[in-house]
Amino acid sequence: MTIAPPRSTAELEEHLSRPDDLVLSAIEVCAGDVVVVGAGGKMGPSLARMVRRAHQALGSTARTIAVSRWSSAEARQQLDACGVHTIAADVSDPRSVAQLPLAPNVIFMAGQKFGTQGAPGHTWFTNVVVPALVIDRYSASRITAFSTGNVYPLTPVHRGGATEEDAVAPVGEYAMSCVGRERIFHYAADTSGTRASIVRLNYAVDLRYGVLVDIAHKLLNKQPIDLTMGHVNCIWQRDANAIAIATLADCAAPPWIVNVTGPDTLPVRSLALALGVKLDCEPLLTGLEAPDALLSNTQRMQDRYMHSLLPIDTLIDWVAEWVKAGGTTSGKSTHYDVRTGAF
């Protein structure tokens, strides 16, 4: 069955926040309020709205509470309008964290990646100290924490990606700080019995940003596409939202760790050629594919969460149509082609 692509920002937000049976089941099991910390980022608004829609579909009176400094007043207003309870708070301030409402379920999304190279101390504070403050407030709650596949080393392409059983070997300050964040959740499990799930996410794609959007804009702007980081994983953001919410039901001490991304190892060359056809642009390809890349194996995700992912061909079509139509984009690159860990 062909799925109609989103053709407006409103349609896109509806797609991204649409709960399915996987989400409904998890929210039903994890009864009570859900606090989304760091809800003002790229994924936070659609994820918070998905939780709210799940509560509504289940006839639950539980609140969805979205916490952020809200650099975008529009994002906050839109969440308020759909019934999400928004709170403006600086979670780097212990006094602000102490005032947050208690809840049995927390989704932790706060973090920093870009700007690390120029201000590593700020990144370490945001990615390690801030989680510690939030865990202290919510030590008795289930906490799903967003992490990243950057905690893994580059792996041989033929291997199909790093598994959750592989030792972490972070490259660069950002990735090291993300390992630090994970270690704080393990410490909380050891000392307080805090139950957590750690979602190691690689490259969610919203039509406004993501690896495919980066490649599409390089094509349109006639910019070279470096093939050295020659392979990537991608996942439609709605699917990433759904699986992340589902991990609330699997929170455990020690934490449940799961890689979340698309199951396919995607050649950047093939993605550029496919998008080039749809955008009527000839790719300017440079470099040669390295034998290794930042890749994650998702067998654990596939075994645990029975969820039908949006096919990559459909996602390529949607990105091409969105970009051709002049759809809004974030203007922020994923820097998927960076191999040094410097962001």
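For the structure itself, consult the block above.
Residues numbered from 1 in each chain as written. Predicted model: local features only at pLDDT ≥ 70, side-chain atom pairs only at ≥ 80, totals over all residues. Heavy atoms only, no water.

Draft legend 1. Molecular detail of the overall build of the protein chain. Helix and strand content of the protein chain: 12 helices and 15 strands. Scaling as 2.2 N^0.38, a compact globule of 343 residues should have a C-alpha radius of gyration of about 20 Å, and the protein chain matches this with 19 Å. Here the protein chain holds 343 residues, and 52% of them are scored as buried. Just so you have it, the protein chain exposes about 14,300 Å², and 52% of that area is on carbon and sulfur atoms. (Helix = DSSP H or I, 4+ residues; strand = E, 2+ residues; numbered from the N terminus. Rg over C-alpha atoms; globule rule 2.2 N^0.38 Å. Buried < 20%, exposed > 50% of the residue type's maximum accessible area, 1.4 Å probe, protein only. Areas by Shrake-Rupley, 256 points an atom, 1.4 Å probe, with all protein chains shown as cover.)

Draft legend 2. Quick look at the packing of helix α2 (residues 21-29) against helix α3 (residues 44-57). Their axes nearest at 9 Å, the elements α2 and α3 cross at an angle of 75°. In terms of axis orientation, α2 runs roughly perpendicular to α3. Note on element contacts: α3 touches α2 through Met-50, Val-51, Ala-54, His-55 and Ala-57, opposite Val-23, Leu-24 and Ile-27. (Axes fitted to C-alpha atoms, helices over the stretch in contact; angles between N-to-C directions. Parallel < 35°, antiparallel > 145°, perpendicular 65-115°, else oblique. Contact = heavy atoms within 4.5 Å.)

Draft legend 3. Broad picture of the environment of Ala-4. Within the secondary structure, Ala-4 is located in the segment before α1 (9-16). By relative accessible area, which is 53% here, Ala-4 ends up exposed. Spatially, the C-alpha atoms of Ala-4 and Asn-233 are 23 Å apart, while their sequence positions differ by 229 residues. Those residues in contact with Ala-4 that sit more than four places away from it in its chain are His-15 and Trp-318.

Draft legend 4. Quick look at the nonpolar core. Of all hydrophobic cores here, the largest spans 39 residues; its most connected members are Met-43, Leu-47, Ile-107, Phe-146, Leu-201, Ile-245 and Val-260. Looking at this core, the elements that each hand over two or more residues are α2, β1 (34-37), α3, α4 (73-81), β7 (195-201), α9 (237-246) and β12 (256-260). For this core, the leading source of residues is α9, giving six residues. Discounting chain neighbours no more than four positions away, the residues touching Leu-201 are Met-43, Phe-146, Ser-147, Thr-148, Gly-149, Ile-235, Ala-240 and Val-260. (Core = buried A, V, L, I, M, F, W, Y, C linked by side-chain atoms within 4.5 Å.)

Draft legend 5. Quick look at the packing of aromatic side chains. Counted according to the given criterion, the structure contains three aromatic pairs. Consider the rings of Tyr-174 and Phe-343, whose centres lie 5.7 Å apart with planes at 85°: the pair is edge-to-face. A residue pair is termed long-range when its members are at least 10 positions apart, and Tyr-174 in helix α7 (residues 173-192) and Phe-343 in the segment after α12 (312-324) qualify at 169 residues. Of the two residues examined, Tyr-174 and Phe-343, each falls in the buried class. If you follow Lys-113 out to its NZ or CZ, it ends over the ring of Phe-343, 4.4 Å from the centre. The lysine or arginine in question, Arg-300, covers the ring of Trp-256, its NZ or CZ lying 5.3 Å from the ring centre. (Phe/Tyr/Trp six-rings, centres within 6.5 Å; stacked < 30°, edge-to-face > 60°. Lys NZ or Arg CZ within 6 Å of the ring centre and 35° of its normal.)

Draft legend 6. Main features of unusual backbone geometry. Omega for the peptide link from Ala-253 to Pro-254 comes to 0°, which places this bond in the cis form. Note that Pro-254 resides in the loop between α9 and β12. The phi dihedral of Asp-280 is positive, around 55°, even though this residue is not glycine. Judged by relative accessible area, Asp-280 falls into the exposed class, the value being 72%.

Draft legend 7. The arrangement of the pairing of β7 in detail. Of all seven residues in β7, six are buried; the element is thus mostly enclosed. As judged from the five bridges shared by β7 and β12, these two strands associate in the parallel manner. Pairing of Val-199 across the sheet is with Val-258, part of β12. (Pairing = 2+ DSSP bridges.)

Draft legend 8. Spatial organisation of the sheet that holds strand β5 (residues 142-148). Strand order in the open sheet formed by seven strands is β3-β2-β1-β4-β5-β7-β12, and the pairing between neighbours is parallel. Edge positions in the sheet fall to β3 (85-88) and β12, since each of these pairs with one other strand and no more. Taking each pair of neighbouring strands and ignoring which way they run, the sheet shows an average axis angle of 20°. Relative to β3, strand β2 (residues 64-68) runs parallel, the two being bridged by four bridges. Within the sheet, the bridge partner assigned to Ala-66 lies in β3 and is Thr-86. Packed on one face of the sheet, α4 meets β2 and β3 and runs near 150° to β3.

Draft legend 9. Broad picture of the pattern of salt bridges. Enumeration according to the criterion identifies 18 salt bridges in this entry. Residue Glu-321 pairs with Arg-7 through a salt bridge whose shortest N-O separation is 3.1 Å. One end of the pair, Glu-321, is in helix α12; the other, Arg-7, is in the segment before α1, with 314 residues separating them in the sequence. Note on Glu-321: relative accessible area 33%, which makes it partly exposed. (Salt bridge = Lys/Arg side-chain N within 4 Å of Asp/Glu carboxyl O.)

Draft legend 10. Molecular detail of helix α10 (residues 268-279). The end-to-end C-alpha distance of α10 is 16 Å, a good match for the 16 Å that 12 residues give at a rise of 1.5 Å each. Turning to α10, its buried residues are Val-268, Leu-271, Ala-272, Leu-275, Gly-276 and Leu-279. For α10, the arc enclosing every buried residue in end-on projection is 130°, short of the 170-degree limit, so these residues lie on one face. On the buried face of α10, the contacting elements are α8 (211-220), β9 (225-226), β10 (231-232), β13 (266-267), β14 (285-286) and α12. (Expected span 1.5 Å × (residues − 1). Arc of directions from axis to C-beta.)

Draft legend 11. Region of interest: the side chain of Lys-113. Structurally, Lys-113 can be placed in the loop between β4 (105-108) and α6 (120-137). For the buried Lys-113, which has no salt bridge, the nearest side chain bearing the opposite charge is Asp-214, at an N-O separation of 9.0 Å. If we ignore the near neighbours within four places in the chain, the residues touching Lys-113 are Asn-150, Tyr-174, Thr-334 and Phe-343. (Lys, Arg positive; Asp, Glu negative; His and termini not counted.)

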